[in-house]
Amino acid sequence: MAFFSGLEAENAFTQYWEKYIGLPHPPHWLAAKASPLNLHQVAVFMKLMKENELASHLHSFCKQANVACSTNALVNKTTNGKTLPPIAQWNGVKETYDDLPNETPLSVANQGGLPYFRESMVKKGGIRPIPDLRDPISYKSFLPRSLVSKIPFSFARIKELKKIFGVVDDSDMDEYIQKTLMICEKSPIRGEQYTCATSAEDLIDFVVEKLGHHIRIWSTKSIEGSYENVTIGSVKLIHGNLSEPPVLCHSMPFLFQVYYCHVFHKVKVYAVDILTRKKLNHVIMACHYDTSTWNPNNIAFKQLGFGPGIIEVCHWINENGMVWTKTLT
């Protein structure tokens, strides 16, 4: 039964995709994030939530909805047979371009590898250290829009949210929730437009609003190369029109799937082949050419040694992240 309900959910997502996006179907990894709940299950859980009884049925809800009610999540811990370090503290939020607290030592900010670099540092045949490309909670699904709209997704109601999902104070999940909600409620950088998409429909709606219906989606193939010094293979420019900003979406560490999607002007996007010790990986690189409005405390400037507006700043797109670009019509 769970299989058929999941198939129904994936089909519903695909239908919404095909209605609004001029592509035949979503990537398989994104379609797999569709909520596995069927309409009957959604109705049951909405009733429990209305009656403040969801907490007493939490195990069944989390299992059926495929959401992360604890941090005992299945995170990729190996690549090429090599055990990876634990997920770094800032791994899920580095790419939101906000500043870390001033007292944060660079040694802490650098945990998980160096995420920022100059465009000139990525050349065919060169050697480049790759940071941790993992999504901190990679397997989680979206919740249906009808259900997620009833969940208190705001910092002001964080106690209520944590009570619903049984989240313990000062746990890893508590930290993930706090950081994600803070980012989703921050003031945008001047020139930035963003949303936190809490459902698959919200994600599609934002992308279509910003780019229209004729678009392409780009994503990093895998986490291979994380924590390795890799050889750079081909470097292909896939979006170079600085006057047509792409939409960048980052998977946020949260109970269910949330994407931080934003639009920045003057961004180029590259597809880069990296040669790890055993495999080839295909990764996406975004380079920001206007950093003049970024916070001076942004870790990119701490790591690269320059300030806002002086240099371009590039980064990889992590696991489950994506870049959307317009196609020529």
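Residues numbered from 1 in each chain as written. Predicted model: local features only at pLDDT ≥ 70, side-chain atom pairs only at ≥ 80, totals over all residues. Heavy atoms only, no water.

Colleague: What is the right way to look at unusual backbone geometry in this model?
Modeller: In terms of backbone geometry, most residues other than glycine have negative phi values and most peptide bonds are trans. Located in the positive-phi region is Asn 66, a residue other than glycine, with phi close to 55°. Along the chain, the position of Asn 66 falls in the loop between helix H4 (58-65) and strand E1 (78-79). Phi angles above zero are rare outside glycine, and Lys 266 is one such case at about 60°. By secondary structure assignment, the location of Lys 266 is in the loop between strand E9 (258-263) and strand E10 (267-275). (Helix = DSSP H or I, 4+ residues; strand = E, 2+ residues; numbered from the N terminus.)

Colleague: What should I look at first to understand helix H8 (residues 172-184) in this one?
Modeller: In an α-helix, one turn spans 3.6 residues, which is why side chains three or four residues apart end up on the same side. For H8, which comprises 13 residues, the first-to-last C-alpha distance of 18 Å matches the rise-based estimate of 18 Å (1.5 Å per residue) to within 8%. Looking at H8, one finds that the buried residues are Met 173, Asp 174, Tyr 176, Ile 177, Lys 179, Thr 180, Leu 181, Ile 183 and Cys 184. Packed against the buried residues of H8 are helix H7 (158-165), strand E5 (193-197), strand E8 (247-252) and E9. (Expected span 1.5 Å × (residues − 1). Buried < 20%, exposed > 50% of the residue type's maximum accessible area, 1.4 Å probe, protein only. Contact = heavy atoms within 4.5 Å.)

Colleague: Help me understand the side chain of Ser 251 in this model?
Modeller: Residue placement: Ser 251 occurs in strand E8. Residue classification places Ser 251 among the buried positions, given a relative accessible area of 8%.

Colleague: Can you help me understand the packing of aromatic side chains in this one?
Modeller: Aromatic rings in a pair are described by how distant their centres are and how their planes are angled relative to each other. Scanning the entire structure with this criterion turns up 13 aromatic pairs. Geometrically, the ring pair formed by Tyr 16 and Tyr 20 is tilted, given 4.7 Å between the ring centres and 45° between the ring planes. Note that Tyr 16 and Tyr 20 are positioned in helix H1 (residues 2-20) at a spacing of four residues, about one turn of the helix. Residue Tyr 20 is classed as partly exposed on the basis of its relative accessible area of 25%. An aromatic cluster is built from Phe 45, Phe 61, Phe 153, Phe 165, Phe 254 and Phe 256, whose rings are joined through pairwise contacts. Of note, Arg 118 hangs over the ring of Phe 306, and the distance from its end group to the ring centre comes to 5.8 Å. Cation over ring: Lys 268 sits above Tyr 289, and NZ or CZ is 5.1 Å from the ring centre. (Phe/Tyr/Trp six-rings, centres within 6.5 Å; stacked < 30°, edge-to-face > 60°. Lys NZ or Arg CZ within 6 Å of the ring centre and 35° of its normal.)

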